[in-house]
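A structural walkthrough
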Amino acid sequence: MFSTILSGAIFGMHSYPVRVEVDVSQGLPCFVMVGNIGSEVRESGERVRIALKNMGLNLPPMHIAVNFSPANLRKEGTGFDLPVAVALLVSMGKLKMEQVEHILFLGELGLNGEIRPVRGVLPIVRAVTEQGIYKCIVPLQNAPEAAMIKAAEVVGISHLQQLTELF
């Protein structure tokens, strides 16, 4: 099953939205991530897998492909952990796509499911609100920063379990 979640990144002095696309399908079990990503982003696959396992949700032994779009711009940092986890939850049927559409997700995952703060929240939230995305789910510690953008409806969460309860 295919899903797309909205996130964001900073490239130089500019921030831009990033689509995190996940496809879970039959085939050789693997976790592939593409889209001009740095090592922190590449490592998110393991953080997400373990955080979901520690919540009682084991990833199925399937082919999992994650694409970060646009592919021409470099993606760095740990802020993509939460959007990858959300996209996987949608692809696994644990969340419905309609529940998470038109929402920005940012956050680093601890192996226990804790959602940790990330850098660059303010400019990323500003960039997506300029494109018509107003709801943002960010780490609890980043919520005051994100709320500085008055057009944004900000929800701060501290654990992946809170996200599943929210929806």
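Residues numbered from 1 in each chain as written. Predicted model: local features only at pLDDT ≥ 70, side-chain atom pairs only at ≥ 80, totals over all residues. Heavy atoms only, no water.

A few words now on the side chain of S91. When you line up the elements, S91 lands in helix α2 (residues 81-91). Judged by relative accessible area, S91 falls into the buried class, the value being 7%. Not counting residues up to four positions away in its chain, the partners in contact with S91 are M1, F2, S3, V22 and V24. (Helix = DSSP H or I, 4+ residues; strand = E, 2+ residues; numbered from the N terminus. Buried < 20%, exposed > 50% of the residue type's maximum accessible area, 1.4 Å probe, protein only. Contact = heavy atoms within 4.5 Å.)

For the rest of this paragraph, the subject is the packing of helix α1 (residues 39-54) against α2. As a packed pair, α1 and α2 sit with axes 9 Å apart at the nearest point and diverge in direction by 55°. Regarding the angle of α1 to α2, the classification is oblique. As for how α1 packs across α2, the hand of that crossing is right-handed. Facing α1, whose interface residues are S44, R47, V48 and L52, α2 presents D81, V84, A85, L88 and L89. Considered class by class, the residues forming the contact of α1 with α2 number six nonpolar, one polar and two charged. (Axes fitted to C-alpha atoms, helices over the stretch in contact; angles between N-to-C directions. Parallel < 35°, antiparallel > 145°, perpendicular 65-115°, else oblique. Left-handed = near helix turned anticlockwise from the far one by under 90°. Nonpolar A, V, L, I, M, F, W, Y, C, P; charged D, E, K, R; others polar.)

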